[in-house]
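Remarks on the overall topology
Here is what each chain is made of, one letter per residue.
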Amino acid sequence: MQVIRLEALSDNYIFLLYDEQNNVAAVVDPAEVEPVLKQLAQLNADLVAIFNTHHHHDHVGGNQKLIQKFPQVNVYGGAEDKGRIPGQRVFLQPGDRVQFANRVGEVIFVPGHTRAHIAYYFPPQTTNEPGELFCGDTLFAGGCGRLFEGTPAQMVESLSKLRSLPDHTRVWCAHEYTLKNLQFALTIDGNNTDLQKRIHEVKTQRDRQEATVPSWLGVEKLTNPFLRWEQPALQLAANSSDPIQTFARIRGMKDMF
Ligand code: ZN
Ligand code: FE
């Protein structure tokens, strides 16, 4: 399974999963249709699945047109998103599995950004291979999604699930927000040398107009303030010794940043 990153709208990423053996593709969160059709034409591949993480328009905007073009396509989303994802056919429950190419993806229920948000995690098949995590707007490179339909406690639980995955996991998040996220992180975790190093690298990447997605989950664990609620520096910045309150206050500061 090959993952191809496509740019969409102003700062969205769409991920196309390509099964070279069978010449079929799946797409994660098609914000719009054109980049997907263009890539499919280039591969001369059929689209067999749409994996949606949540119902927001910048994640499902291309669903309807893709279904028209590929009537057989299976549209996956969280069971709780019933009625909100155009053309949804498969209503996934926590712990369900999805299959694509020779890979099996685990469905992780991650409410917080929305109440129905799910993530797809494809574990590695060999020891050297990375795992692939498609986490929508829950975990971002250097940040996390805003809380529209969930509580801080829910989001901490959701992010805890993602944080428990192996370091050698590629984080395919849906937006290019990394630099701004890390600039915020620096204001509350400025002595973190891993963070200092990362922001330097990300600045260089953005100066060259390179994508910063995917990132490594191992790097996120060391530098992303929204995975570090028990770190003394962050609790100090949030003026709290409670992990959930620390998370909530940091999320609140980011909303104002
Ligand atoms: Zn969203
Ligand atoms: Fe989004």
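1. Some points on the pattern of salt bridges
- All chains considered together, the criterion is met by 14 salt bridges.
- Residues Glu149 and Arg115 are paired through a salt bridge, measuring 4.0 Å at the closest nitrogen-oxygen approach. Taken together, the residues Glu149 in the loop between strand 12 (143–144) and helix 4 (152–163) and Arg115 in the loop between strand 8 (103–109) and strand 9 (118–122) connect sequence positions 34 residues apart.
- Here Glu149 falls in the partly exposed class, since its relative accessible area comes to 31%.
- Of the residues examined, Arg115 reaches a relative accessible area of 39% and is grouped as partly exposed.

2. Considerations on the coordination of the iron ion (ligand 2)
- Coordination sphere of the iron ion (ligand 2), protein contribution only: Asp58 (OD), His59 (NE2), Asp137 (OD) and His175 (NE2), at 2.1 to 2.2 Å.
- Coordination at the iron ion (ligand 2) is irregular: its four donor atoms span angles of 83 to 164 degrees at the metal.
- When the donors of the iron ion (ligand 2) are listed by position in the chain, the intervening gaps give D-H-x77-D-x37-H.

3. Structural notes on the sheet that holds strand 3 (residues 24–28)
- As summarised here, the arrangement of the six strands in space is 1-2-3-4-5-6, forming an open sheet in which the pairing is mixed. Of all the strands in the sheet, just strand 1 (2–8) and strand 6 (90–92) have a single pairing partner and so form its edges. The average undirected angle you get between the axes of adjacent strands in this sheet is 25 degrees.
- As defined by bridge partners, strand 3 adjoins strand 4 (residues 46–51) across five bridges and the pair is classed as parallel. Considered in strand 4, the bridge of Val27 is made with Ile50.

What counts and how
- Residues numbered from 1 in each chain as written.
- Chains lettered and ligands numbered in written order.
- Predicted model: local features only at pLDDT ≥ 70, side-chain atom pairs only at ≥ 80, totals over all residues.
- Heavy atoms only, no water.
- Salt bridge = Lys/Arg side-chain N within 4 Å of Asp/Glu carboxyl O.
- Helix = DSSP H or I, 4+ residues; strand = E, 2+ residues; numbered from the N terminus.
- Buried < 20%, exposed > 50% of the residue type's maximum accessible area, 1.4 Å probe, protein only.
- Donors = N, O, S within 2.8 Å, 3.2 Å for Na, K, Ca; no water.
- Tetrahedral: all angles 85-135°; square planar, octahedral: opposite > 155°, others 65-115°.
- Pairing = 2+ DSSP bridges.
- Axes fitted to C-alpha atoms, helices over the stretch in contact; angles between N-to-C directions.

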